[in-house]
Protein chains: 2
Amino acid sequence: MSTAKKARTTPPYELIYWPSIPGRGEFIRLVFEATGTSYTDTANASKDGINSVLSLIDAKSTTSGDGNPPAFAPPALKVPGEGKEGKALVIYQTPSILAYLGDKLDLAGSDEAEKHWILSHALTALDLNNEAHDTHHPIAVQLYYEDQKDESLRKAKFFRESRLPKFFGYFERVLKANEEGKGKYLVGAKLSFADTTVWQVLDGLKFAFPKELAAIEKDYPTLFETFYNGIKEEGGLKEYLASDRRLPYSEGIFRHYPELDRQ
Amino acid sequence: MSTAKKARTTPPYELIYWPSIPGRGEFIRLVFEATGTSYTDTANASKDGINSVLSLIDAKSTTSGDGNPPAFAPPALKVPGEGKEGKALVIYQTPSILAYLGDKLDLAGSDEAEKHWILSHALTALDLNNEAHDTHHPIAVQLYYEDQKDESLRKAKFFRESRLPKFFGYFERVLKANEEGKGKYLVGAKLSFADTTVWQVLDGLKFAFPKELAAIEKDYPTLFETFYNGIKEEGGLKEYLASDRRLPYSEGIFRHYPELDRQ
C-alpha cells in the first residue's frame, strides 16, 4: 500500500485494522509513513482483506496465529520472523505497537528517559482520543449515536470546556519546556511517535469540533502554529497526507456532529 | 512505607500518587510488593506528602523536576540517579511506569515477544479499569455522581451485560492458551505486571459490582478460580494484601453503588 523505500532493510510489516477509516490504525500508519517504511495495510489492500480483522477478533479464538496470544481488538501488527521460534510476532494495543515500532524505526528517543517520556505523551494523547470518541458514545459502543444523543450533548460540553483546555495546556507546556525541540518536537530535537500521535489527535479534533478549535487554538500558539503545522511538513508525512492512502474522517472516532460543537 | 528487602540493590523508588485510595497508584504498588522492592509511597508516608502530588499537577509547571517534562496526572514514578546527567528520572502514565519497572524488576517476560504481550494485556486491563470508572462518571469527572446518576444507571447496565463478558472472556482465552502458565499466569511460566494489573481490576470489580460478579464468575473458571485466587497467594502479594499498606476501596475508581450493580 505504501512506497517501499526501506523494503530491503525492514521486515514485511503488516497492519491489521478496519478498512476505510483512519481510526486507531492511523497512529500506526503515521509512524510507517514518517519513516518511509514499507508496510501492508491488509484490510485496505484487497476486497477480502477485512477477513484478517474478523479472524483477529473472533471471540472463540485462542491465538492470533503462530503461537501469539489472541488480540482483544484491532489494530494489530504482524511481523514475520520476529516471534517465537522464528515465526511471526503479533502485537495488539496501539501503545504497545507504537513502543515496538518506535524502537525499530528510531522514533523512540535517544535514551531510556526519552523513551519513557515519549510513550507517556503518546498515552496521554490516546487518552484524549478515547475521550473524544466518548463524546458521541458516552453510554455504550453498541448503541447508535442517535440513541445516546442527550447524554452526548451533555458530555461534549464538558469535554470542550474543561478537557480540551487541560490537554492542550499540558502539551503546550511540554513543547515550551523542551528547548531542544524548538516547539516542533515534544521530546528531544527530532521526530518521535509522541509527535505523530499528538498530531493525529489534534487533526481529528479539528475535524470533529471545528468551531471550538477555531475559537481556542490561539491560546496554544506553540501547539497549533509551530507544532501542528510543522509536523504536517515533515518528510514522509507531507507526501502521505496529500496521498489517497490518507483516509478521510467519517463515522469513526472523530465525527463531525455540529450540535456537539461550540454553538 | 514498605519493607526494604532489596533496598541495597535497587534505587530509592518513589511513587507519587493521591493518598488514602488504591486508585491507579495500586498498579504500581503491586509490582513493588510482588518483588519485595523497597519504595516510598510519598503522599501516604507523611501528612504533607500530598504536596508532592499537588506540585506534580500544577497547571503552570513546565517540569516535574530535574529536567523532566511536566506530568499530566498522577501516578508518577521518581527514580533518583536514573535521569539525564545523573539526575532523577520522573515518568508519568501508569502503563509507561509499569513498562519501566517491569524491565527493572523482572516482571516483563523473557523475550521481546513476551514483553510486548505483557504490556498489551496490561493496557487492556487498564482500559477495563477506565470503563469501570466511567460507569459512575459517564458525563464529566468534575461532576458529582449524584449529578450524573441517570446516565450512570444506563451506562452501568451495558457495562455489566456487554463489556464485562467481553473482557472476562478475553482474559479466560489468554490464560487457557498459555499452556506454560497453567492458568496462573497470562504470559509465560511466571508472574508479570500483566498478571498484577489484571488481578487488581478483577479485585476492584468484585468490590464495585459484587452481585454481578457473583453471578458470572463461574463462566470464567480459569480467570476467577485458578488465576485470581492464585495471584493472591504469590509471595510478596499475600503478605501485602493482609497488611495495612493495602488501602481499602472507597470513593476512587471502584465504588460500590448498589443501584449500579445487578438487581
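As the structure is a computational prediction, the values presented were derived from the model and not from experiment.

So what exactly am I meant to see when it comes to the overall build of chain A here?
A tally of helices and strands in chain A yields ten helices and four strands. Written out in order from the N terminus, the α and β elements of chain A read β-α-β-α-α-β-β-α-α-α-α-α-α-α. Since a compact globule built from 263 residues should have a radius of gyration of about 18 Å, the 19 Å found for chain A is in line with a globular shape. Seen through its C-alpha atoms, chain A measures out along the principal axes to roughly 55 × 50 × 30 Å. Looking at chain A as a whole, 61% of its 263 residues are labelled buried. Summed over all atoms, the accessible surface of chain A reaches about 10400 Å², with 50% contributed by carbon and sulfur. Computing the positive centroid from 33 side-chain charges and the negative centroid from 38, chain A places the two 1 Å apart.

What should I look at first to understand the pattern of salt bridges in this one?
Opposite charge on two side chains permits them to pair, given that their charged atoms come into close proximity. Under the counting rule described, the total for this entry stands at 42 salt bridges over all chains. Between lysine 190 of chain B and aspartate 106 of chain B there is a salt bridge, with the nearest N and O atoms lying 3.6 Å from each other. Of the two residues, lysine 190 of chain B is situated in the loop between helix H6 (149-177) and helix H7 (193-208) and aspartate 106 of chain B in the loop between helix H4 (94-104) and helix H5 (112-136); the sequence distance between them amounts to 84 residues. Two residues, lysine 149 of chain B and glutamate 259 of chain B, come together in a salt bridge whose shortest N-O distance is 3.8 Å. Taken as a pair, lysine 149 of chain B in helix H6 and glutamate 259 of chain B in the segment after helix H10 (237-241) lie far apart in primary sequence, 110 residues in all. On the accessibility criterion, glutamate 259 of chain B (27% relative accessible area) is partly exposed. Through salt bridges with shared partners, a single ionic network connects Glu26, Arg29, Asp41, Asp203 and Arg246 of chain A.

Would you mind showing me how to read the interface of chain A and chain B here?
On the chain B side, the residues contacting the 57 residues of chain A number 57 residues. When the two sides are added together, the surface that chain A and chain B hide from each other amounts to roughly 4900 Å², 57% of it contributed by carbon and sulfur. Taken as a group, Phe72, Trp117 and Arg173 of chain A account for 15% of the area that chain A buries against chain B, more than any other trio of residues on that side. On inspection of chain A and its partner chain B, the count reaches eight salt bridges. Residues lysine 84 of chain B and glutamate 114 of chain A are paired through a salt bridge, measuring 2.7 Å at the closest nitrogen-oxygen approach. Counting across the chain A and chain B interface gives 42 residue pairs in polar contact (both at pLDDT 80 or more). When contributions to the side of chain A that touches chain B are tallied by element, the ones reaching two or more residues are strand S4 (89-92), helix H4 (94-104), helix H5 (112-136) and helix H6 (149-177) of chain A.

Explanation requested: the domain arrangement of chain A in the structure shown.
Note on interface size: it is often stated as the accessible area lost on association of the parts. Residue and element names in this part refer to chain A. Per the domain assignment, the segments of chain A are domain 1 (13-104) and domain 2 (112-234 + 251-260). For domain 1 versus domain 2, the separation of C-alpha centres amounts to 24 Å. Listed per partner, the contact involves 14 residues of domain 1 and 14 residues of domain 2. Where domain 1 abuts domain 2, roughly 1200 Å² becomes buried across the two surfaces, and 77% of that area is made up of carbon and sulfur atoms. When the area that domain 1 buries against domain 2 is broken down by residue, the three leading residues are Arg24, Phe27 and Leu30, summing to 41%. Taken together, domain 1 and domain 2 are joined by one salt bridge. Note that aspartate 103 and lysine 115 form a salt bridge whose closest N and O atoms lie 3.8 Å from each other. Linking domain 1 to domain 2 there are one residue pair in polar contact (both at pLDDT 80 or more).

Got a minute to help me understand empty space enclosed by the protein in this structure?
Vacant regions in the atomic arrangement are exposed by a probe of water-molecule size rolled over the atoms. Enumeration over the complete set of coordinates arrives at six cavities of 30 Å³ or more. Counted as a void, the largest cavity has a volume near 200 Å³. Every residue lining the largest cavity is counted, 14 residues in all, and those nearest its centre are Ala99, Lys115 and Leu119 of chain A together with Ala99 and Lys115 of chain B. Listed by contribution, the elements that provide at least two residues to the lining of the largest cavity are H4 and H5 of chain A together with H4 and H5 of chain B. Classifying every residue of the lining of the largest cavity by side-chain character gives eight nonpolar, two polar and four charged. The wall of the second largest cavity is formed by Ile21, Pro22, Gly23, Asn129, Gln200, Tyr249, Ser250, Glu251, Gly252, Ile253 and Phe254 of chain B. Its residues placed into classes, the lining of the second largest cavity shows five nonpolar, five polar and one charged.

Before we go on, may I ask you to explain the packing of aromatic side chains in this structure?
This model, assessed by the stated rule, comprises 26 aromatic pairs over all chains. Their ring planes at 80 degrees and their centres at 5.3 Å tell us that phenylalanine 72 of chain A and tyrosine 170 of chain B sit as a pair that is edge-to-face. Placement of phenylalanine 72 of chain A in the loop between helix H3 (50-56) and strand S3 (76-79) and of tyrosine 170 of chain B in helix H6 is noted, with the two residues assigned to different chains. Between tyrosine 170 of chain A and phenylalanine 171 of chain A, the ring centres sit 5.4 Å apart and the planes meet at 65 degrees, which makes this aromatic pair edge-to-face. Classification of tyrosine 170 of chain A by relative accessible area gives buried; the value is 0%. Judged by relative accessible area, phenylalanine 171 of chain A falls into the buried class, the value being 1%. Cluster of aromatic residues (ring-pair linked, three or more members): Phe72 and Tyr92 of chain A together with Phe167, Tyr170 and Phe171 of chain B. Above the face of the phenylalanine 72 of chain B ring, lysine 166 of chain A is positioned so that its terminal group lies 5.1 Å from the ring centre.

How should I be thinking about the side chain of threonine 196 of chain B in this particular structure?
Residues and elements named next belong to chain B. Tracing the backbone through its elements, the reader meets threonine 196 in helix H7. Under the relative-accessibility criterion, threonine 196 is labelled buried at 1%. Discounting residues that sit within four places of it in the chain, threonine 196 has contacts with Leu30, Val31, Ala34, Leu191 and Leu237.

I keep staring at H7 of chain B and nothing clicks. Help me out?
For an α-helix the count is 3.6 residues per turn, leaving residues at separations of three or four pointing the same way. Residues and elements named next belong to chain B. The first and last C-alpha atoms of H7 sit 23 Å apart over 16 residues, in line with the 22 Å expected at 1.5 Å per residue. Among the 16 residues that make up H7, 14 are buried, leaving the element largely enclosed by the rest of the structure. Between a side-chain oxygen at the N-terminus of H7 and the backbone nitrogen of alanine 194 the separation is 3.2 Å; the capping residue is serine 192.

About the cut-offs
Residues numbered from 1 in each chain as written. Chains lettered and ligands numbered in written order. Predicted model: local features only at pLDDT ≥ 70, side-chain atom pairs only at ≥ 80, totals over all residues. Heavy atoms only, no water. Helix = DSSP H or I, 4+ residues; strand = E, 2+ residues; numbered from the N terminus. Rg over C-alpha atoms; globule rule 2.2 N^0.38 Å. Buried < 20%, exposed > 50% of the residue type's maximum accessible area, 1.4 Å probe, protein only. Areas by Shrake-Rupley, 256 points an atom, 1.4 Å probe, with all protein chains shown as cover. Lys, Arg positive; Asp, Glu negative; His and termini not counted. Charge placed at Lys NZ, Arg CZ, Asp CG, Glu CD. Salt bridge = Lys/Arg side-chain N within 4 Å of Asp/Glu carboxyl O. Contact = heavy atoms within 4.5 Å. Buried area = accessible area lost by both parts, 1.4 Å probe. Polar contact = N/O pair within 3.5 Å; in protein donor to acceptor, adjacent residues only side chain to side chain. Domains from an automatic or database assignment. 1 Å grid on protein atoms, 1.4 Å probe; cavity = no way out; pocket = protein on both sides within 12 Å on 5 of 7 lines; lining within 4 Å. Points joined across faces, edges and corners; volume = space filled by probe spheres on them. Nonpolar A, V, L, I, M, F, W, Y, C, P; charged D, E, K, R; others polar. Phe/Tyr/Trp six-rings, centres within 6.5 Å; stacked < 30°, edge-to-face > 60°. Lys NZ or Arg CZ within 6 Å of the ring centre and 35° of its normal. Expected span 1.5 Å × (residues − 1).

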